Amino acid sequence: MKSLINIPEKMKALVLYGVGDLRVTEVDVPKLEKGTVLLKIKACGICSSDMPRCFVTGTYHFPTIPGHEFSGQIVAVGDDVDESLLGKRSCVFPMLPCKHCKACKMEEYAQCSGYSYFGSRQDGAWAEFLVVPVWNLVPFDDTLDYKTAALCEPAAVSMHAVNIGDIKEGQNVVIIGTGTIGFMIALFAKERTKTGKVVIAGRSKNKLEYAKKLGFDVVDTSVDDLPAQVKKIIGVDGADVTFEAVGSNEAIASAIESTGALGSIVLVGNPSTDLILPKNIYWSILRKQITVKGSWNSSYNSRVNDWKKALEVFEHSDVNFADLITHTFTIEENEKAFSAIRNTGEFTLKVMFTFDD
């Protein structure tokens, strides 16, 4: 093993001991294994999926350290690992695939049938350190700050969805949902369509105001009928491509009604309850011959690497993606972080934990 620091025996972590039972605790620093590095965590986002995971459904076992949207510095490497990685900054693809199932043999790791996952199935990055396999590392340049780089996970998920949507120049696009994923899909979609309209729809007035500042057309679905407003903005033919990034009955029905004939819908939202599709809405899919596609996680393989592409966008885009980070807290301030997310009157997009040196 080679190390840049004296590795402590203990570290601080925000540990989930049970549903709703989160505590900052001292735990053992994980040990290096073959083919792994020790990452000193610098920033880790709170994903929308972390809220039900921590406060409603729980994780796959307790205790668990959540956190799967993160970046950090490689401070130690195993004996069999290239020492040139020491000191490098890196994001981490959080899925740990089995590498043996049918999907893995096709390098479609997001569809692995026997995977583990940082932050849910095993300990994640709401902690000072994490041991990570070299295969999962996505290094980035020193010119990119750690907080922006920690957005790489939602950015890769968004880019994957946009790739599935296969947007052509001049096409009109609707995004339903004003979370971080929704905004990133909109930003990537705007780059693809160039001359077409991009509409963001949601209920949060402050997020819709922010969307206007970014140059998007918006629809407030708390007061307006989305399909009718889409026809006013885009035209009676409706959207060419619609992204549903909420996961609710109402949002999916609105997506179908807002999409034009021979258009396509990409389902990205993760539902919290069972979904029911009214007969007339289902008929709309048939009559308009709408293509419905699912999008899950991101591509991370030898053919397509959404993670590397997202980092390239961060480094070269005119958009300052760091603006999507509206709040940062230490793990000791976790109650304030979760309170900010729950406060629907407050403007929050990405809330993030940061770690001091």
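Just so you know, these numbers come straight off a predicted model, no measurement behind them.

**Some remarks on the nonpolar core**
Among the nonpolar cores identified, the biggest contains 49 residues, and F243, F314 and F321 are the most heavily contacted of them. The greatest single-element share of this core, amounting to 7 residues, is contributed by helix α5 (residues 180–193). Look past the residues within four positions of F314 in its chain and what remains in contact with it is L144, T148, L151, C152, A155, M184 and F321.

**Concerning the sheet that holds strand β11 (residues 173–176)**
Taken in spatial order, the 6 strands make up an open sheet running β13-β12-β11-β14-β15-β16, and their pairing is parallel. Looking along the sheet, the strands with just one partner apiece sit at the ends: β13 (217–220) and β16 (291–294). Neighbour-to-neighbour, the strand axes of the sheet open up by a mean angle of 20°, direction not taken into account. Here 4 bridges tie β11 to strand β12 (residues 198–202), and the two strands are oriented parallel to one another. The residue of β12 that forms the bridge with I175 is I200. Helix-sheet contacts for helix α6 (residues 205–213) involve β12 and β13, and the interaxial angle to β13 is about 165°.

**Regarding the pairing of strand β4 (residues 36–45)**
Counting buried residues along β4, 10 of its 10 residues qualify, which places the element largely inside the surrounding structure. Relative to strand β9 (residues 129–133), β4 is paired through 5 bridges, and the arrangement is antiparallel. Bridging across to β9, K40 finds its partner in F129. Sheet topology places β4 next to strand β5 (residues 69–77); 8 bridges connect them, and they run antiparallel. Pairing of V37 across the sheet is with V77, part of β5. With 3 bridges connecting them, β4 and strand β18 (residues 350–354) associate as antiparallel partners. For A43, the partnering residue across the bridge sits in β18 and is T354.

**Let's talk about unusual backbone geometry**
At the junction of F62 and P63, the peptide bond is cis and its omega measures out at -5° in the coordinates. With respect to the secondary-structure elements, P63 resides in the loop between α1 (50–57) and β5. Although it is not a glycine, K194 sits at a positive phi angle of roughly 60°. Counting through the fold element by element, K194 comes out in the loop between α5 and β12. What makes K194 exposed here is its relative accessible area of 55%.

Here is what the cut-offs are and how they apply
- Residues numbered from 1 in each chain as written.
- Predicted model: local features only at pLDDT ≥ 70, side-chain atom pairs only at ≥ 80, totals over all residues.
- Heavy atoms only, no water.
- Core = buried A, V, L, I, M, F, W, Y, C linked by side-chain atoms within 4.5 Å.
- Buried < 20%, exposed > 50% of the residue type's maximum accessible area, 1.4 Å probe, protein only.
- Helix = DSSP H or I, 4+ residues; strand = E, 2+ residues; numbered from the N terminus.
- Contact = heavy atoms within 4.5 Å.
- Pairing = 2+ DSSP bridges.
- Axes fitted to C-alpha atoms, helices over the stretch in contact; angles between N-to-C directions.

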